[in-house]
Amino acid sequence: MTQKIALVTGASRGLGAAMAEELAISGWHVVAVARTTGGLEDVDDRAKAASAPGGLTLAPMDITNDDAMRHLCRSIFDRWGGIDLWVHTAIHAAPMAPAGHIDVKDWDKSVSINLRATGSLIPMVEPLLRARPGGTALFVDDPRAGESFFGAYGATKSGQIALARSWAAETVKTGPRIVIAAPAPMATAIRARFFPGEDRKALATPKSEAKRILAAL
């Protein structure tokens with residue numbers, strides 16, 4: 001089998017959706033994971049409208065569900081034998097709040113999605129990446145740790161990237177390759193919540209950043 005296979009977690013909106021679409025247009029077959037079925041279908045519709053030669057397999061599921069993700073990874077192995085790329089963009093952006101007023105539900109959700117799920121997925125996905133020469137995992141940095149009112153998001157996002165950096169250090173000689181990208185500020189729904197009233201015309205688009213990051217791989 002010569003077609004490259006990508007797994008995109010968080011593929012229904014923002015940079016993840018743009019990544020899935022661009023990969024499909026470039027000839028990759030993309031396993032697109034997100035909780036929002038409608039968002040995944042929109043990505044698939046756009047890829048088909050662009051006559052994308054790669055195509056998508058839609059997997060509407062919650063990355064915090066270990067059993068579901070384990071089953072998905074096993075299914076990927078059984079069908080394709082591995083993957084060439086994992087793009088992990090799934091994130092929970094908790095509302096901005098002073099550290100002394102963080103809602104415990106928002107905190108728990110941030111830890112569950114941003115930290116725990118990442119730590120659970122790496123052992124599941126690593127064998128799939130090692131099964132292919134040059135297997136690569138791509139993470140997206142957004143350095144907000146220590147900034148005012150970014151407590152839940154900043155702490156858990158920086159923890160996620162710290163885990164990715166540890167994985168990168170451990171696999172220099174053995175693979176897979178771990179890449180941490182730093183996108184330019186983008187006109188996404190998450191950024192609009194963090195910076196309401198910002199001039200969105202001055203921001204990059206997820207599509208342009210997806211193209212730039214994928215080209216650099």
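Note: the structure precedes this text.
As the structure is a prediction and not an experimental result, all values here were calculated from the model.

**Student:** Teacher, can you tell me more about the sheet that holds strand β4 (residues 85-88) here?
**Tutor:** Pairing is parallel in the open sheet, where six strands are placed in the order β3-β2-β1-β4-β5-β6. Edge positions in the sheet fall to β3 (56-60) and β6 (177-181), since each has one partner strand and no second. Neighbour-to-neighbour, the strand axes of this sheet turn through a mean angle of 15°, independent of strand direction. Two elements, strand β2 (residues 29-34) and β3, share five bridges in a ladder whose sense is parallel. Within β3, the residue paired with A34 across the bridge is P60. In the packing of helix α1 (residues 14-25) onto the sheet, contacts are made with β1 (5-9), β2, β3, β4 and β5 (136-140), and the angle to β1 comes to roughly 165°.

**Student:** Is there a simple way to explain the side chain of R144 in this structure?
**Tutor:** Assignment of secondary structure puts R144 in the loop between β5 and α5 (151-170). R144 sits in the buried class, given a relative accessible area of 16%. Filtering out sequence-adjacent residues up to four positions away, R144 remains in contact with F150, Y153, G154, R191 and F195.

The rules behind these values
Residues numbered from 1 in each chain as written. Predicted model: local features only at pLDDT ≥ 70, side-chain atom pairs only at ≥ 80, totals over all residues. Heavy atoms only, no water. Pairing = 2+ DSSP bridges. Helix = DSSP H or I, 4+ residues; strand = E, 2+ residues; numbered from the N terminus. Axes fitted to C-alpha atoms, helices over the stretch in contact; angles between N-to-C directions. Contact = heavy atoms within 4.5 Å. Buried < 20%, exposed > 50% of the residue type's maximum accessible area, 1.4 Å probe, protein only.

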